[in-house]
Amino acid sequence: MTILGWILIIALFAIGLAGAVYPILPGALAIYLAFFVYGWFFSFDSFGPWFWIAQTLIVVVLFIADYVVGAWGVKKFGGSRASVIGSTIGLIAGPFVIPAFGLLIGPFVGAFIGELIAGEKAGKAVKVSFGALLGLFSSTVVKIVLQIVMVVLFFIWIGRF
């Protein structure tokens, strides 16, 4: 059972970190679930209230940052609400429509279409679309860093570091 527990924990960590790049995967929630798997297989004794408070705060920050940082990129380049919505739709739909490059093309095209719908000219729509990509990259970096912090804190808390 020990091996199965660690396989599940490591798999959830991998899914979580992959979720930082691929938005369809549960990301931080998979990492958070790994803590419960550890508790169910081994023990919750290692985790005190401060562990749960710290990890929960990180998850909340991740959810807020995911939207705010992405929208920041669009807004920084003068985008409208329509381009924020378009880039979000493109981020989700892109990988399904164009599997290899949809993660990059989807938000770009979504923001571009959003700006055109908002009545802007193509030149501005392209500028805003690059802002959407900047927001996506920034958001991804923030998610990766915070999720690695979650995993490192876990190992520190259980005494494996």
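Just so you know, these numbers come straight off a predicted model, no measurement behind them. (Residues numbered from 1 in each chain as written. Predicted model: local features only at pLDDT ≥ 70, side-chain atom pairs only at ≥ 80, totals over all residues. Heavy atoms only, no water.)

## Observations concerning the side chain of Gln 147
Item 1. Secondary-structure assignment places Gln 147 in helix H6 (residues 122-157).
Item 2. With near-sequence residues (within four places) excluded, Gln 147 lies in contact with Gly 16, Leu 17, Ala 20, Gly 27, Ala 28, Ile 31 and Leu 62. (Helix = DSSP H or I, 4+ residues; strand = E, 2+ residues; numbered from the N terminus. Contact = heavy atoms within 4.5 Å.)

## What about helix H5 (residues 102-117)?
Item 1. With 16 residues, H5 should cover 22 Å at 1.5 Å per step; its first-to-last C-alpha distance of 21 Å lies within 8% of that length.
Item 2. Of the residues making up H5, those classed as buried are Gly 102, Leu 103, Gly 106, Pro 107, Gly 110, Ala 111, Gly 114 and Glu 115.
Item 3. Buried residues along H5 sit in contact with helix H4 (81-97) and H6.
Item 4. Following H5 by one or two positions, Gly 119 adopts a phi angle in the positive range, close to 95°. (Expected span 1.5 Å × (residues − 1). Buried < 20%, exposed > 50% of the residue type's maximum accessible area, 1.4 Å probe, protein only.)

## Observations concerning the packing of aromatic side chains
By convention here, two paired aromatic rings are described through the distance between centres and the angle between planes.
Item 1. If you walk through the whole model with that rule in mind, you get 29 aromatic pairs.
Item 2. Their ring planes at 85° and their centres at 5.3 Å tell us that Tyr 38 and Phe 154 sit as a pair that is edge-to-face. With Tyr 38 in helix H2 (residues 28-41) and Phe 154 in helix H6, this pair connects stretches of sequence that are 116 residues apart. There is no split in this pair, since Tyr 38 and Phe 154 are both buried.
Item 3. Where Phe 51 meets Trp 157, the ring centres are 5.3 Å apart and the plane angle is 65°; that geometry is what we call edge-to-face. (Phe/Tyr/Trp six-rings, centres within 6.5 Å; stacked < 30°, edge-to-face > 60°.)

## Let's talk about the UniProt feature "transmembrane region" (unreviewed entry) in the protein chain
Item 1. As recorded in UniProt, the sites labelled "transmembrane region" (unreviewed entry) are residues 7-38, 50-72, 84-113 and 133-158.
Item 2. For residues 7-38, the helix share is 75%, the strand share is 0%, and the end-to-end C-alpha distance is 10 Å.
Item 3. Helix makes up 100% of residues 50-72 and strand 0%, whereas the separation of the span's terminal C-alpha atoms amounts to 31 Å. (UniProt positions renumbered as here; feature names shortened; annotations may be inferred.)

## Observations regarding the pattern of salt bridges
Item 1. For the structure on display, the rule yields one salt bridge.
Item 2. Residues Lys 124 and Glu 120 are paired through a salt bridge, measuring 3.8 Å at the closest nitrogen-oxygen approach.
Item 3. The class of Lys 124 is partly exposed, set by a relative accessible area of 30%.
Item 4. With relative accessibility at 31%, the residue Glu 120 sits in the partly exposed group. (Salt bridge = Lys/Arg side-chain N within 4 Å of Asp/Glu carboxyl O.)

## Here we look at the environment of Phe 13
Item 1. Locating Phe 13 in the fold gives a position in helix H1 (residues 2-19).
Item 2. A relative accessible area of 5% places Phe 13 in the buried class.
Item 3. With 137 residues separating them along the chain, Phe 13 and Met 150 place their C-alpha atoms 9.6 Å apart.
Item 4. Not counting the four nearest positions on each side in its chain, Phe 13 is found in contact with Ile 31, Ala 34, Phe 35, Val 151, Phe 154 and Phe 155.

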